[in-house]
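These are the residues of each chain, in order.
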Amino acid sequence: MSETIKVPTMAEYMAQGKQPEVLFWVGCAGSFDDRAKKITKAFVKLLNRANVEFAVLGTEESCTGDPAKRSGNEFLFQMQAVTNIEVLNAYEVKKIVTACPHCFNTIKNEYPELGGNYEVMHHTQFLKTLLDEGRLTIEGGKFKGKRITFHDPCYLGRANNVYEAPRELIQKLEAELVEMKNCRRNGLCCGAGGAQMFKEPEKGDKDVNVERTEQALDVKPEIIAAGCPFCNTMMTDGVKAKEKESDVAVMDIAELIANAQDL
Amino acid sequence: MNYIANIIFIVILTFGIGFFVKNVKKLFRNIKLGQDVDVSDNKSQRLKNMALIALGQSKMVRRPIAGFLHVIVYVGFIIINIEVLEIIIDGVFGTHRIGLTVLPISLYSFLIGSFEVLAALVFISVILFWIRRNIMKLKRFWKSEMTSWPKNDANYILYFEMVLMTLFLVMNATDIHFQDMNSGNIVSQYIAPLFSGLSENAIHIIERGAWWAHIVGILIFLNYLYYSKHLHILLAFPNTYYGKLTPKGQFNNVEAVTKEVKMMMDPNIDPFAAPAEGTEGEMPAKFGASDVQDLSWVSLLNAYTCTECGRCTSECPANQTGKKLSPRKIMMDTRDRLEEVGKNIDANKGEFKEDGKQLLDNYITREELWACTSCNACVEACPVSIDPLSIIMEMRRYLVMEQSAAPVELNNMMTNIENNGAPWPYNQMDRLNWKNE
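For clarity, every value in this text was computed on a predicted model and none was experimentally measured. (Residues numbered from 1 in each chain as written. Chains lettered and ligands numbered in written order. Predicted model: local features only at pLDDT ≥ 70, side-chain atom pairs only at ≥ 80, totals over all residues.)

**Topic: the sheet that holds strand S4 (residues 119–122) of chain A**
Residue and element names in this part refer to chain A. Condition: Strand pairing follows a simple DSSP-based rule, namely that at least 2 bridges must link the two strands. Here a strand is any run of E in DSSP of at least two residues, a helix any run of H or I of at least four, and the numbering for each starts at the N terminus. Two residues qualify as being in contact provided that their C-beta atoms, derived from the backbone, are within 7 Å of each other. Between the N-to-C directions of two axes lies an angle of 0 to 180 degrees, each axis being a line fitted to C-alpha atoms and, for a helix, fitted only over the stretch in contact.
Pairing in this open sheet of four strands is parallel, and the strands run S2-S1-S3-S4 from one edge to the other. In the strand order of this sheet, the two ends are held by strand S2 (54–55) and S4, each with one partner. Sheet contacts for helix H6 (residues 101–110): strand S1 (22–25), strand S3 (95–98) and S4; angle to S4, the most-contacted strand, approximately 160 degrees. Contacting S3 and S4, helix H7 (residues 123–132) crosses the sheet at an angle of about 90 degrees to S4.

**Notes on the interface of chain B and chain A**
Listed as interface residues are 55 residues of chain B and, on the opposing side, 56 residues of chain A. Mapped onto the side of chain B that touches chain A, the elements with two or more residues apiece are helix H12 (255–265), helix H15 (317–320), helix H18 (366–370), helix H19 (377–381), helix H20 (388–402) and helix H21 (408–420) of chain B.

**Re the sheet that holds strand S6 (residues 176–178) of chain A**
Residue and element names in this part refer to chain A. Pairing is parallel across the open sheet formed by four strands, whose spatial order is S6-S5-S7-S8. The open sheet is flanked by S6 and strand S8 (249–252), the only strands paired with a single partner. The mean inter-strand angle of the sheet, taken between neighbouring strand axes irrespective of direction, is 35 degrees. One ladder, built from four bridges, connects strand S7 (residues 223–226) with S8; its direction is parallel.

**Observations regarding unusual backbone geometry**
Quick reminder of the rule: Residues are called buried when their C-beta atom has 20 or more other C-beta atoms within 10 Å, exposed when it has 12 or fewer, and partly exposed otherwise; all C-beta atoms are positioned from the backbone.
Not every positive phi belongs to a glycine, and Asn161 of chain A is a case in point at roughly 60 degrees. Tracing the chain through its elements places Asn161 of chain A in the loop between strand S5 (147–150) and helix H8 (164–172). For Asn161 of chain A, a count of 13 C-beta atoms within 10 Å translates into the label partly exposed. Non-glycine residue Asn182 of chain B carries a positive phi angle of around 50 degrees. Among the structural elements, Asn182 of chain B can be located in the loop between helix H8 (176–181) and helix H9 (188–191). Among the residues examined, Asn182 of chain B registers 10 C-beta atoms within 10 Å and is labelled exposed.

**Digging into H8 of chain A**
Residue and element names in this part refer to chain A. Within the sequence span of H8, burial applies to Ala165, Pro166, Arg167, Leu169 and Ile170. Of the surrounding elements, those touching the buried residues of H8 are H7, S5, S6, S7 and helix H11 (253–260). Once H8 ends, the next one or two residues include Glu174, with phi positive near 55 degrees.

**Things to note about the nonpolar core**
Basically, it comes down to this: By definition, a nonpolar core groups buried Ala, Val, Leu, Ile, Met, Phe, Trp, Tyr and Cys residues that are joined through C-beta atoms within 7 Å.
Leu46, Ala225, Met235, Ala254 and Ile257 of chain A together with Met395 of chain B are the most contacted members of the largest nonpolar core, which totals 147 residues. Broken down by element, this core gets its largest block of residues, nine residues, from H20 of chain B. Once you skip the residues sitting within four places of it in the chain, Met235 of chain A turns out to touch His151, Cys190, Asn209, Arg212, Thr213, Ala216, Ile224, Ala226 and Val250 of chain A. Listed in part, the 26 residues of the second largest apolar core include Val73, Tyr108, Val126 and Ala192 of chain B.

**Digging into the domain arrangement of chain B**
Residue and element names in this part refer to chain B. Counted only if it meets this: An automatic or database domain assignment provides the domain bounds reported here. Throughout, the ten residues Ala, Val, Leu, Ile, Met, Phe, Trp, Tyr, Cys and Pro are labelled nonpolar, Asp, Glu, Lys and Arg are labelled charged, and all others, Gly among them, are labelled polar.
By domain assignment, chain B separates into domain 1 (4–31 + 63–231) and domain 2 (255–406). When each unit is reduced to the centre of its C-alpha atoms, the spacing between domain 1 and domain 2 is 39 Å. With four residues, the top contributor of residues to the side of domain 1 that touches domain 2 is helix H1 (residues 4–31). Broken down by class, the residue content of the side of domain 1 that touches domain 2 amounts to five nonpolar, one polar and six charged.

**Description of helix H11 (residues 232–241) of chain B**
Along H11 of chain B, the residues that are buried comprise His232, Leu235, Ala236, Asn239, Thr240 and Tyr241 of chain B. Buried positions along H11 of chain B lie against helix H2 (43–55) and helix H13 (297–305) of chain B.

**Some words on the UniProt feature "transmembrane region" (unreviewed entry) in chain B**
Residue and element names in this part refer to chain B. Here is the rule: UniProt positions are given in the numbering used here, feature names are shortened, and annotations may be inferred rather than shown by experiment.
Sequence positions flagged by UniProt for "transmembrane region" (unreviewed entry) are, in local numbering, residues 6–24, 65–85, 105–131, 156–174 and 209–227. Secondary structure within residues 156–174 divides into 95% helix and 0% strand; the distance between the first and last C-alpha atoms comes to 26 Å. With 84% helix and 0% strand, residues 209–227 has its two end C-alpha atoms placed 27 Å apart.

Structure (structure tokens):
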């Protein structure tokens, strides 16, 4: 690692009587999943690089309740939501950024009715803003000219109509952005949503992630870019199932930008 | 004696419209069996959606071939039906082509000419639809739920339209006076020669026959709607008006649950206190939905609006990979069960009598419900703003909150969230460990 990362917590900010610019909601995958932790760190490096005053909740963060809600367990969802909202409101959080579209959707859309009103951004939107404000520069580096295809996460794309921010970031890498047969509002799910991530799929003749990976491989990318830790897992598994892991990498957009700068 | 035709016409018209109104009332009653939901907000946005999506067909044309053909049939059908106005006036008052008397000839010719061109275009489009369905066998028209009635229904509608358009053109072609005018008979002038060998009297009989068959056909078609997927020509309008306005990813928060959770979290509330006067009835009888009456009335309107085009199912990731889930089947099952409940109510003097059946298991299986990834592809694909996902979610809520019948892996996931605030069994105190790894 080229530099150590700085990850202050909300409690630390509070102790100093200060308020960070934004709360980074890490999410369960970003906190515990080995693959997703790399995305978390890549994003933190970018935040450090851009001198963003951010904080995390750390051990005070808890599942947003998304998988419980999509499974039908409204009780558990609302218990999680109300608990989280209590913590967030106690810290007077105004703005939240997260690298998980599921956390993004839940906090942005389903928390307000329960008393949690925040400006919520997906990390690709946030990075785009940093770029526009001149706080972050993006260079192509090793991704210059590479063929990259972007897999739209359902909960970012169709669910919230965010299609362009991730694509604009990829183009800033001077990479060749290639679109799959199904993209943007017609994007095909990776198979993880609706709590499918946590269960075996129902009987069928194929796994959804394999179908989606085939669509991605059809456009012959060198990299499949993702914007969701769950999509990342599903697409990585799909690439392995097609025995293409030596040719095609699955990477989060934050990782692409951080790696391009050797952070 | 001269009035017999008028009287017969009025009787047929009254009966045709009366029967239709009777079914519309039934339709309203059945939709109202659903749970109340407040959709009185954002009237201007709702009107805009209706204008764009239903009137403007904006989502139909996302699939250009089907969309283009559909726009022709849609525009043709609406505009040609202006002619029905003349037919009704003629029928009631015993006039013939009243339009010629009240409108300038040039305008009348222009109108009839447009109707004729549209009728020909509709005819061609309907033939192409039939070919796509029956010869090219487009996959979405041949899924497992598209057998027997749904399959026949689709073809009957196409035959109906072919016959009605033919009758309209034949009626004009055999109207000797109209052909002699030789203005506005843009298409029918090419059909007229087919009858040239016949006596004037025979041609007149054909003209009268076509005229009567045309109006009776329209009335039959009108009454067919209630039993058919073709009901969408009417319900697409209210359905797009009442369609979801919030982001697709936003699922509703169950209000009754919010109350419970707030009570649980409030240290000042005595959990053993008797409920306040008059609040006993506030708790819903059931969380989620196991039958059609548990769904919102908008979901039931959705079910009646579905025209079984299958765009949802063809976009569904679960269906594409061979799972049993088909969003179209969810809608068809909901309508079938709702019809069954409606008939039950009719047969039992306005009261629903327990029939030992419900939407869950008798129509929609658990396997279908658990195959959904909640990706919203079906919602995005629907050309008339139907939301199959909300039905799936309501039924999952019933399974989990009323029956604790989630798949075992999901129960494990939920237990983890309850115990340690993450779907996996990691300690919440380790949440920031990644920082130092």
